[in-house]
Amino acid sequence: MSESPDKSTRCITLRLTLNCDLAEVRPATLALRGFLAEHGVPGEELVACELALAEACNNAINHADDTSRHMRIGVEAACSPTEIEIRVSDHTSGFDWPDRVELPDPTCERGRGVFLIQSLMNSSTYLRGRGENCLVMRKSRSPHGDRFPSDDPLNLEDVTLKLAENERIITDMAEELCSCYESFSAIFRYSSEQKRAVGLEDFSRQLLDDLLQITAADWYLLRLVAPGTGDLRVFAASEPGLLTPPLPISSSPTRPVAWEVDAAIKRRDIWFEHKGSISATDPLAVAKGVSTGFIHPIIFGETLIGTVAVGKAGLHNPLTAAKINVVHTFADFLAIQIVNARIQEERVNALLVARDLEIARNIQRSLLLKTLPQLPGFGLAGHCESARQVGGDFYDVIKLSDTSLLLVIADVMGKGIPAAMFAAIMRSLVRALPDLARHPSELLARVNRLLFDELSEVDMFITAQLAFVDAEENRLVAASAGHCPMLITAGYGSQIKMISPEGMPLGILPDAGFGDEATPLEESCRLLLYTDGLTEARDVHGELFGQERLVEWMRQRSDDQRTAGKLKEDLAAELARFQANMALNDDQTFLILAR
Amino acid sequence: MVAPDGFAQQDRLAVLKRSMNISIHGDTLSIEGVKELSAANASAFRDEVRTAMREPLRNIEIDLSQALFLDSCGLGVLVALHKTACNRNGLVRLINPAPAVRQILELTRMHRIFEVVKL
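These numbers were taken from a predicted model, which means no experiment stands behind them.

**Things to note about the overall build of chain A**
For step 1, the next point in the chain: A tally of regular secondary structure across chain A gives 13 helices and 21 strands.
For step 2, the next point in the chain: For chain A, with 595 residues in total, the buried portion stands at 39%.
For step 3, the next point in the chain: Intrachain contacts of chain A at a sequence separation of at least 6 include 65% that bridge at least 24 residues.

Here is the structure:
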């Protein structure tokens with residue numbers, strides 16, 4: 001390389017030539033750097049010019065044929081206060097200079113030289129001539145460029161170089177620090193905000209709005225994996241146009257339908273440029289048009305939480321490495337918050353369910369009488385044990401006269417508050433119709449008509465059994481709405497009779513008919529009304545208590561003289577023994593009448 | 001400077017080897033002291049690193065804190081090494097790239113395929 005600065009114009013023009021050897025390129029670029037630095041060109045522009053010259057020289061050397069290999073390459077650089085011009089002349093046969101070069105595929109090892117020249121310089125023109133070609137590259141100088149007028153070019157060169165370099169480093173560090181500071185302060189702010197009950201959606205939106213500010217991006221789209229379906233569903237977006245339908249996470253044999261899905265499946269960042277390479281059907285491409293950015297999968301532990309896409313309008317101002325790091329930090333932070341919020345939500349739901357059950361249990365308890373009305377010559381006792389998931393069992397005893405009463409037992413199909421509410425309504429209706437109590441079938445028909453609309457609306461039904469007990473005539477009239485049969489001892493204890501009059505559960509048919517069945521109440525007889533929670537009770541091996549066991553229990557107790565209260569305790573103990581501390585699946589309710 | 005090319009190539013390798021420091025940490029090959037990656041030394045650098053990448057090494061870590069210059073040939077060689085690492089399910093990590101170099105990595109979007117780390 002030989003250098004001949006034009007002394008007459010005080011280094012305004014640099015001229016040098018180099019051999020057709022790659023080893024001479026670097027010294028030439030350093031010479032250019034020194035020359036430009038001397039003219040106060042700042043660090044970033046120095047790097048650009050140095051690299052552009054290197055690429056131009058590399059090209060000239062790599063395209064040289066056997067003849068031109070022995071000819072020297074000329075370099076001229078001129079620096080005015082407003083512009084830098086660099087000319088590289090070669091003696092190759094020349095090549096076609098493309099107007100605008102796109103970046104090659106990231107995995108390509110070649111093809112970035114001309115892209116770099118075009119990106120770093122404001123203009124580049126390749127003039128082809130006979131035996132010599134000339135690449136002219138121009139770069140405008142930033143207005144504050146010439147801040148170091150010089151008397152001593154030698155020393156100043158070093159000083160300016162150092163200053164420019166330091167300035168660049170400081171700018172860079174400042175940017176990095178700013179990003180870190182902003183992301184950390186934002187995260188601290190959000191951590192404290194999260195303690196105040198901001199919804200996860202608002203929280204994410206605030207966080208991502210700030211992310212846009214910090215990274216100078218234009219838009220974001222946050223999708224979360226929907227719990228049930230596993231789709232990627234929009235959770236927050238910077239603009240309404242991005243509220244696109246859910247994306248199923250599945251890859252087609254060819255390629256995924258959307259870049260977001262691609263990022264979710266591959267679990268790595270996917271970059272997009274909204275031009276030729278993006279599929280025309282991609283939701284982001286459709287919504288955003290020309291923009292650049294990337295999609296980051298949000299992962300917590302091994303679990304995919306969702307994806308966040310961050311983009312900028314246009315193609316020429318992509319996100320820097322520092323900004324990408326900020327996006328990653330925010331995404332990690334968001335993942336933790338989302339997981340926390342979900343755990344919190346589950347906890348709240350569990351509390352709500354517990355509260356719901358508590359209310360239902362209170363309603364159910366309020367339906368049961370503290371003391372049962374008694375009938376001369378008869379004993380009466382009731383038992384109701386609620387399952388953890390309270391159902392709609394209840395019993396009632398309504399005194400009609402000194403010698404008659406109505407026994408009611410019912411099971412509302414369903415759980416929780418709705419079942420308890422229907423039990424309360426049903427109980428009130430029966431109590432409001434004492435005139436019909438002597439004909440339980442008519443009472444059931446009436447209650448069915450009154451409740452039908454409400455019950456069928458919520459797909460619930462009630463099984464019930466009524467027994468009108470007349471102590472004067474010692475007889476009983478029973479009617480049933482799809483309820484399990486009542487058991488009565490007959491023939492002075494030796495036999496157990498089931499009373500099971502025809503009838504559909506309440507809430508099935510609007511005009512359902514019911515039948516009455518009359519039975520004498522013999523000396524020492526016992527009557528048992530119960531719900532299917534008894535016969536369907538299970539032991540540790542999963543075996544049912546069953547009707548037979550219940551019948552057998554009654555048979556064994558037919559000749560002992562225990563009161564209804566004692567019998568109730570005995571049956572409750574029998575059930576408890578059978579279930580051996582197992583949690584109840586269903587309410588267990590029964591009424592015992594003993595003569 | 002008008003040395004025969006064969007000699008120049010050897011010379012460059014010698015210079016490269018003098019400044020570069022290659023070490024092994026677990027399954028990672030670490031390279032420090034890279035001053036520049038340009039058309040003049042890039043392929044020598046690539047060959048040097050590939051020779052050192054013996055099984056079962058998977059990852060390549062290149063400290064670029066002292067690298068003042070990176071051109072398209074240097075980028076090409078980083079891509080080539082990226083492929084070498086990928087073939088072994090590893091990755092190329094670029095440590096503390098100097099600002100000028102980082103700027104070029106970003107301009108050519110190469111920071112997306114390498115892990116660029118600030119320590």
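**Remarks on the sheet that holds strand β6 (residues 92-95) of chain B**
Residue and element names in this part refer to chain B.
For step 1, the next point in the chain: Taken together, five strands build an open sheet; the order of strands is β1-β2-β4-β6-β7 and the sheet is mixed. Two strands in the sheet have a free side with no partner beyond their single neighbour: β1 (21-25) and β7 (115-117). Strand-to-strand twist across the sheet, computed as the mean angle between neighbouring axes with direction ignored, equals 20°.
For step 2, the next point in the chain: As paired strands, strand β4 (residues 59-63) and β6 are joined by four bridges and run parallel to one another. Considered in β6, the bridge of E61 is made with R93.
For step 3, the next point in the chain: Sitting on the sheet, helix α3 (residues 72-87) is in contact with β4 and β6, with an inclination near 135° to β6.

**Describing the environment of Q66(B)**
Residues and elements named next belong to chain B.
For step 1, the next point in the chain: Along the chain, Q66 turns up in the loop between β4 and β5 (69-70).
For step 2, the next point in the chain: With 14 C-beta atoms counted inside 10 Å, the residue Q66 sits in the partly exposed group.
For step 3, the next point in the chain: For the pair Q66 and G33, spaced 33 residues apart in the sequence, the C-alpha separation amounts to 6.3 Å.
For step 4, the next point in the chain: Not counting chain neighbours up to four residues away, the residues in contact with Q66 comprise G33, V34 and K35.

**Some thoughts on the interface of chain B and chain A**
For step 1, the next point in the chain: Contacts between chain B and chain A engage 31 residues on the former and 31 residues on the latter.
For step 2, the next point in the chain: Split into classes, the residues belonging to the side of chain B that touches chain A amount to 16 nonpolar, six polar and nine charged.

**Focus on the pairing of strand β5 (residues 123-128) of chain A**
All names here are of chain A.
For step 1, the next point in the chain: In terms of strand pairing, β5 meets strand β6 (residues 133-140) through six bridges, oriented antiparallel. For L127, the partnering residue across the bridge sits in β6 and is C134.
For step 2, the next point in the chain: In textbook terms, the turn of a hairpin is the stretch between consecutive antiparallel strands, and for β5 and β6 this stretch comprises four residues, one of which, G131, has a positive phi near 80°.

**Looking at the sheet that holds strand β20 (residues 526-530) of chain A**
Strand pairing in a sheet relies on backbone hydrogen bonds, with the paired strands running either antiparallel or parallel.
All names here are of chain A.
For step 1, the next point in the chain: If you walk across this open sheet you meet the five strands as β12-β21-β20-β17-β18, and the pairing is antiparallel. A single partner strand is all that each edge strand has here, and the edge strands are β12 (379-385) and β18 (495-499). In this sheet, adjacent strand axes meet at a mean angle of 15° when their direction is disregarded.
For step 2, the next point in the chain: Here β12 runs beside strand β21 (residues 588-594); their pairing, made up of seven bridges, is antiparallel. Bridge pairing in β21 links H383 to F590.
For step 3, the next point in the chain: Packing against the sheet, helix α12 (residues 546-556) makes contact with β17 (486-490), β18 and β20, and its axis sits at approximately 30° to β17.
For step 4, the next point in the chain: Strands β12, β20 and β21 of the sheet are contacted by helix α13 (residues 564-579), whose axis makes an angle of about 30° with β12.

**What about the nonpolar core?**
Residue and element names in this part refer to chain A.
For step 1, the next point in the chain: Counting residues in each nonpolar core, the largest one holds 118 residues, and the members touching the most others are A52, L53, C57 and Y220.
For step 2, the next point in the chain: In terms of residue count, helix α2 (residues 43-62) provides more of this core than any other element does, 12 residues in total.
For step 3, the next point in the chain: Setting aside its immediate chain neighbours within four residues, A52 contacts I86, L116, I117, L120, M121 and M137.
For step 4, the next point in the chain: Counting residues in hydrophobic clusters, the runner-up holds 64 residues, among them A360, A464, M486 and L591.

**Section: helix α1 (residues 25-38) of chain A**
Residue and element names in this part refer to chain A.
For step 1, the next point in the chain: Across its 14 residues, α1 extends 20 Å between first and last C-alpha, which sits within 8% of the 20 Å expected from 1.5 Å per residue.
For step 2, the next point in the chain: Of all 14 residues in α1, 12 are buried; the element is thus mostly enclosed.
For step 3, the next point in the chain: Just downstream of α1, G40 is the residue with a positive phi angle, here 75°.

**Some thoughts on the confidence of the model for chain B**
Residue and element names in this part refer to chain B.
For step 1, the next point in the chain: Residues with a pLDDT of 70 or more make up 85% of chain B, whose mean pLDDT is 84.
For step 2, the next point in the chain: Taken element by element, the predicted model of chain B shows its lowest mean pLDDT in helix α1 (residues 5-19) (56) and its highest in β4 (94).
For step 3, the next point in the chain: Per-residue pLDDT stays below 50 along residues 1-7; that stretch engages in six contacts with residues further than four places along the chain or on separate chains.
For step 4, the next point in the chain: Here the prediction assigns the complex a pTM of 0.45, and the interface score ipTM is 0.86.

**Focus: the environment of V225(A)**
Residue and element names in this part refer to chain A.
For step 1, the next point in the chain: Residue placement: V225 occurs in strand β7 (residues 219-225).
For step 2, the next point in the chain: For the pair V225 and I249, spaced 24 residues apart in the sequence, the C-alpha separation amounts to 8.9 Å.
For step 3, the next point in the chain: Residues within four places of V225 in sequence aside, it is in contact with G230, L232, L304, I305 and G306.

**Observations regarding the packing of α2(A) against helix α3 (residues 113-120) of chain A**
Residue and element names in this part refer to chain A.
For step 1, the next point in the chain: Put simply, α2 and α3 touch, their axes get as near as 9 Å, and they point 145° apart. You can see that α2 and α3 cross each other, and the crossing is left-handed. In this structure, α2 contributes A48, L51, A52, E55, A56, N58 and N59 to the contact, and α3 contributes G113, L116, I117 and L120.
For step 2, the next point in the chain: A per-class count over the contact of α2 with α3 returns seven nonpolar, three polar and one charged.

**Here's the deal with the environment of R223(A)**
For step 1, the next point in the chain: With respect to the helices, strands and loops of the structure, R223(A) is situated in strand β7.
For step 2, the next point in the chain: Along the primary structure R223(A) and T244(A) are separated by 21 residues, whereas in three dimensions their C-alpha atoms are 10.0 Å apart.

Conventions used here
Residues numbered from 1 in each chain as written. Chains lettered and ligands numbered in written order. Predicted model: local features only at pLDDT ≥ 70, side-chain atom pairs only at ≥ 80, totals over all residues. Helix = DSSP H or I, 4+ residues; strand = E, 2+ residues; numbered from the N terminus. Buried ≥ 20, exposed ≤ 12 C-beta atoms within 10 Å, placed from the backbone. Contact = placed C-beta atoms within 7 Å. Pairing = 2+ DSSP bridges. Axes fitted to C-alpha atoms, helices over the stretch in contact; angles between N-to-C directions. Nonpolar A, V, L, I, M, F, W, Y, C, P; charged D, E, K, R; others polar. Core = buried A, V, L, I, M, F, W, Y, C linked by C-beta atoms within 7 Å. Expected span 1.5 Å × (residues − 1). pLDDT = per-residue confidence, 0-100. Left-handed = near helix turned anticlockwise from the far one by under 90°.

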